[in-house]
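# Structure at a glance
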Amino acid sequence: MFTLIQLPYASDALAPVISADTLAFHHGKHLQAYVDNLNRLLPGSGLEEKSLEEIVCEAEGAIFNNAGQILNHNLYFTQFRPMSPSLPAPTGNLVAQIEKQWGTLEAFKSDFVAKGTTLFGSGWVWLSAAPGGTLVISQEPNAGNPVTRGLKPILTFDVWEHAYYLDYQNRRAAHLEALWGIVDWKVLEERYNSK
Ligand code: MN
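All of these numbers come straight from a predicted model, not from anything done at the bench.

Calculation rules
- Residues numbered from 1 in each chain as written.
- Predicted model: local features only at pLDDT ≥ 70, side-chain atom pairs only at ≥ 80, totals over all residues.
- Heavy atoms only, no water.
- Core = buried A, V, L, I, M, F, W, Y, C linked by side-chain atoms within 4.5 Å.
- Buried < 20%, exposed > 50% of the residue type's maximum accessible area, 1.4 Å probe, protein only.
- Helix = DSSP H or I, 4+ residues; strand = E, 2+ residues; numbered from the N terminus.
- Domains from an automatic or database assignment.
- Contact = heavy atoms within 4.5 Å.
- Arc of directions from axis to C-beta.

## Things to note about the nonpolar core
Counting 58 residues, the largest nonpolar core has Phe 108, Leu 127 and Trp 185 as its most contacted members. If one sorts the elements of this core by residue count, helix α3 (residues 61-77) sits on top with eight residues. Two domains each provide a minimum of three residues to this core, namely domain 1 (20-77) and domain 2 (93-193). Not counting chain neighbours up to four residues away, the residues in contact with Trp 185 comprise Pro 90, Leu 94, Val 95, Ile 98, Leu 105, Phe 108, Lys 109 and Trp 180.

Given below as structure tokens:
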């Protein structure tokens, strides 16, 4: 049985980038539905004892879609923290690798947002790491996650309309730009440094 993750911040803590209304639907309704669907689909599938990552790598069809959306949203919701004007610029191994590959953090952000903006339809834009530490940006349709190609997920922006439509309507690029204000670089650094 999988359960809905608890958010590590108050429901109004990410506003105005992600409003309490959007969180109530996105976390409380959409993610809850993926959890309920997966729990209904798993019995008899042979995947009952597997981890979420293993299910995503092994399953197809409805089980893949619902497990993928749970894994994606768990990574998404736990990478944010409330906006704060006093936070220092991010540092660490991840930022050093970003600067090595993109030149500057700003150039990386702009590439990442462009990949999210040009992803046609619903899906996710990902920053992930190859086994040697090299970083990759990828566009994944629907419930896709780079873990299925042996990459380690670091950062993701959800470009399904349910992630932003209440707050930004059709302005996907403006929403993605605003997300930088709530990204918790300490979490990303931990993900990058983890095994
Ligand atoms: Mn979503």
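Read on for the rest.
## Observations regarding unusual backbone geometry
Only a minority of non-glycine residues have a phi that is not negative, and only a minority of peptide bonds are not trans. Look at the link from Ala 15 to Pro 16: it is a cis peptide, with omega at 5°. Positionally, Pro 16 belongs in the segment before α1 (20-41). One non-glycine residue, Asn 142, adopts positive backbone phi at about 55°. Along the chain, Asn 142 falls in the loop between β2 (135-141) and β3 (152-158). Residue Gln 169 is not a glycine yet carries a positive backbone phi of 50°. Classification of Gln 169 by relative accessible area gives partly exposed; the value is 36%.

## As for helix α7 (residues 172-179)
Listing the buried residues of α7 in full gives Arg 172, His 175, Leu 176 and Leu 179. Down the axis of α7, the smallest arc covering the buried residues is 95°, so these residues share one side. Buried positions along α7 lie against α3, α5 (105-117), β3 and α6 (165-168).

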